[in-house]
Amino acid sequence: DGRDFAGRRVLVTGAGKGIGRATAVMLHRRGAEVIAATRSAEDLKELAAEIGCRTIAVDLGDPEATRRAAIAALPVDALVNCAGTTTLESFLDTSVDSFDAIMAVNARAPMIVAQEVARDMIRRGRPGAIVNVSSVSSAIGLPDHTAYCASKGALDAITRVMAVELGPHGIRTNSVNPVVTLTPMAVKAWSDPAKSGPMLGRIPLGRFAQPDDVAEVILYLLGDAAAMMNGAIVPVDGGFLAT
Ligand code: NDP
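Residues numbered from 1 in each chain as written. Predicted model: local features only at pLDDT ≥ 70, side-chain atom pairs only at ≥ 80, totals over all residues. Heavy atoms only, no water.

### Notes on the overall build of the protein
Heads up, the rule is: Strands are runs of DSSP state E lasting at least two residues, helices are runs of H or I lasting at least four, and both sets are numbered from the N terminus onward. A radius of gyration in this sense is built from C-alpha atoms; the matching globule rule multiplies 2.2 Å by the number of residues raised to 0.38. With a 1.4 Å probe rolled over the protein chains alone, any residue whose accessible area is under 20% of its type maximum counts as buried; one over 50% counts as exposed, and the rest are partly exposed. We call two residues in contact whenever any of their non-hydrogen atoms come within 4.5 Å of each other. Two residue types count as positive, namely Lys and Arg, and two as negative, namely Asp and Glu; His and chain ends fall outside the count. Here the site of a charge means NZ on Lys, CZ on Arg, CG on Asp, or CD on Glu.
Tallying secondary structure elements over the protein gives eight helices and seven strands in all. Expected size for 243 residues packed as a compact globule is a radius of gyration near 18 Å; at 17 Å, the protein falls within 12% of this value. By its C-alpha atoms, the protein is 50 × 40 × 35 Å across when sized along the principal axes. Relative to its 243 residues, the protein shows a buried fraction of 48%. At a minimum sequence separation of 6, the contacts of the protein that also span at least 24 residues come to 71%. Across the protein, 24 positive and 26 negative side-chain charges occur, with their mean positions spaced 5 Å apart.

So this is what it looks like as structure tokens:
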């Protein structure tokens, strides 16, 4: 690994598990100083023991706590909005409470955190890079994922507005949109071939993503090699959306 993130401070939300954790570890290996924000204190303790990062425990469903946590992380050079959540409910059974809760974590929290991060970058006159972790679900109708699909569609829209408004300040915003990614939880959820088979059949590369597949694209978009990328919605899906 090159150390191309040496001297950079990067805030990663949802760094306790899955894609966020893989991203935090990869950033650390490439020289970044990571600030990890997530809900479970136990996960933060474990991550800090592994990569020596600063940690912030926060429930991103709470807007005031989310704003305080973002401000506590400043100043940073980059942000990865990775925390996300879902519940399985049919369209007809989706409750107002779960719709609001999922929108709060998946769409509203990334906005709040990015507002504080970008405000501070502009105040300091510093450039920056932000990556929002969306999903292929923003572009398709995934059964039993009404609120989740809506939240990721909203997040893509937020990414575009951020790119347009923050670009003139030298702050680039892009999103990565993974297909099923084999985090520990997903490995369990997709271990049944009867369920995984049809989904795999729709992915031209014939496999699900690994957390590191997604982290690599996040780091690319954060890095100087992507200096002209802004407002891009980047599938990390083995060709799923191309079919
Ligand atoms: P995981 O469940 O493995 O990790 C999600 C992380 O986000 C956890 O650390 C979790 O903390 C944190 N988080 C969730 N809700 C909150 C909250 N209210 N406040 C603070 N932290 C919270 O998920 P993935 O790694 O799979 O997902 C990461 C991102 O990637 C999400 O945005 C997801 O939508 C997206 N994605 C995932 C795909 C997949 O197949 N895995 C596919 C496409 C997109 P805790 O456990 O403590 O709640």
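### Digging into the site of the ligand
Condition: Here a residue is near a molecule or strand as soon as one of its heavy atoms is found within 4 Å of it. Within 3.5 Å is the distance limit for a polar contact, defined as a pair of N or O atoms, with the added protein rule that one can donate a hydrogen and the other accept it, and that residues adjacent in sequence qualify only through two side-chain atoms. In short, Shrake-Rupley with a 1.4 Å probe defines the accessible areas, and a residue's cover is counted only from the protein chains shown.
The environment of the ligand is formed by 26 residues, the closest being Lys-17, Arg-39, Ser-40, Tyr-148 and Thr-181. The separation between a nitrogen atom of the ligand and a polar side-chain atom of Asp-59 is 3.0 Å. Measuring from a nitrogen atom of the ligand, one finds a backbone N or O atom of Leu-60 at 2.8 Å. Burial of the ligand by the protein chains amounts to 89% of its free accessible area of 880 Å². For the shell around the ligand, the secondary structure elements donating two or more residues are helix H1 (18-29) and helix H5 (146-166).

### Looking at the pairing of strand E7 (residues 233-236)
Using the following cut-off: Here a strand pair is declared whenever DSSP counts at least two bridges between the two strands.
Here E7 shows one buried face, formed by Val-234 and Val-236, and one open face, formed by Ile-233 and Pro-235. One ladder, built from four bridges, connects strand E6 (residues 171-178) with E7; its direction is parallel. Looking at E7, one finds that Asn-177 is bridged to Pro-235.

### Here's the deal with the state of the cysteines
Throughout this description, disulfide means a covalent bond between two cysteine sulfur atoms. The condition that has to hold: Any cysteine sulfur atom paired with another within 2.5 Å is treated as part of a disulfide.
For the coordinates displayed, the defined rule picks out zero disulfides. Cys-53 carries a free sulfur, and the closest cysteine sulfur to it, the one in Cys-82, is 14 Å from it. The structure places no disulfide on Cys-149, whose sulfur is separated from the nearest cysteine sulfur, that of Cys-82, by 17 Å. Overall, the relative accessible area of 13% leaves Cys-149 in the buried class.

### Remarks on the pairing of strand E3 (residues 54-57)
Let me state the cut-off plainly: Whether a crossover is right-handed comes down to one check: with the strands pointing away from the viewer, does the path from the first strand over the helix to the second run clockwise; if it does, it is right-handed.
Of the pairings in the sheet, the one linking strand E2 (residues 33-38) to E3 comprises four bridges and is parallel in character. Residue Ile-35 lies in a different strand from E3, and its bridge partner there is Arg-54. Tracing the backbone out of E2, into helix H2 (residues 41-51) and back to the parallel element E3 gives a crossover that is right-handed.

### Points about the pattern of salt bridges
Operational definition: Throughout this description, the term salt bridge denotes a Lys or Arg side-chain nitrogen within 4 Å of a carboxyl oxygen of Asp or Glu.
Scanning all chains against the criterion turns up 11 salt bridges. A salt bridge links Glu-216 to Arg-30, with the shortest nitrogen-to-oxygen separation between them at 3.1 Å. In this pair, Glu-216 is assigned in helix H8 (residues 211-222) and Arg-30 in the loop between H1 and E2, connecting sequence segments 186 residues apart. Glu-216 sits in the partly exposed class, given a relative accessible area of 37%.

### Focus: the packing of aromatic side chains
For the record, the criterion: Each Phe, Tyr or Trp ring, with Trp reduced to its six-membered ring, pairs with another whose centre is within 6.5 Å; inter-plane angles below 30 degrees give stacked pairs, above 60 give edge-to-face pairs, and intermediate values give tilted ones. Think of it as a cone above the ring: NZ of Lys or CZ of Arg counts as a charge over the ring if it is within 6 Å of the ring centre and within 35 degrees of the ring normal.
What the rule picks out here adds up to one aromatic pair. Its guanidinium or amino end placed over the ring of Trp-190, Lys-195 lies 4.6 Å from that ring's centre, counting from NZ or CZ.

### Details of unusual backbone geometry
Trans peptide bonds make up the majority, and among non-glycine residues the majority have a negative phi. Residue Pro-75 is bonded to the preceding Leu-74 through a cis peptide linkage, with omega at 0°. Tracing the backbone through its elements, the reader meets Pro-75 in the loop between helix H3 (63-73) and strand E4 (78-81).

### Let's talk about the sheet that holds E2
We apply this condition: Axes, fitted as lines to C-alpha atoms, cover a helix only where it is in contact. Angles between the N-to-C directions of the axes lie from 0 to 180 degrees.
Pairing is parallel across the open sheet formed by seven strands, whose spatial order is E3-E2-E1-E4-E5-E6-E7. What marks the edges here is a single partner per strand, and that holds for E3 and E7. Each neighbouring strand pair of the sheet contributes to a mean axis angle of 20°, computed without reference to strand direction. Judged from the five bridges that link them, strand E1 (residues 9-13) and E2 form a sheet pairing that is parallel. Bridge pairing links Arg-9 to Glu-33 in E2.

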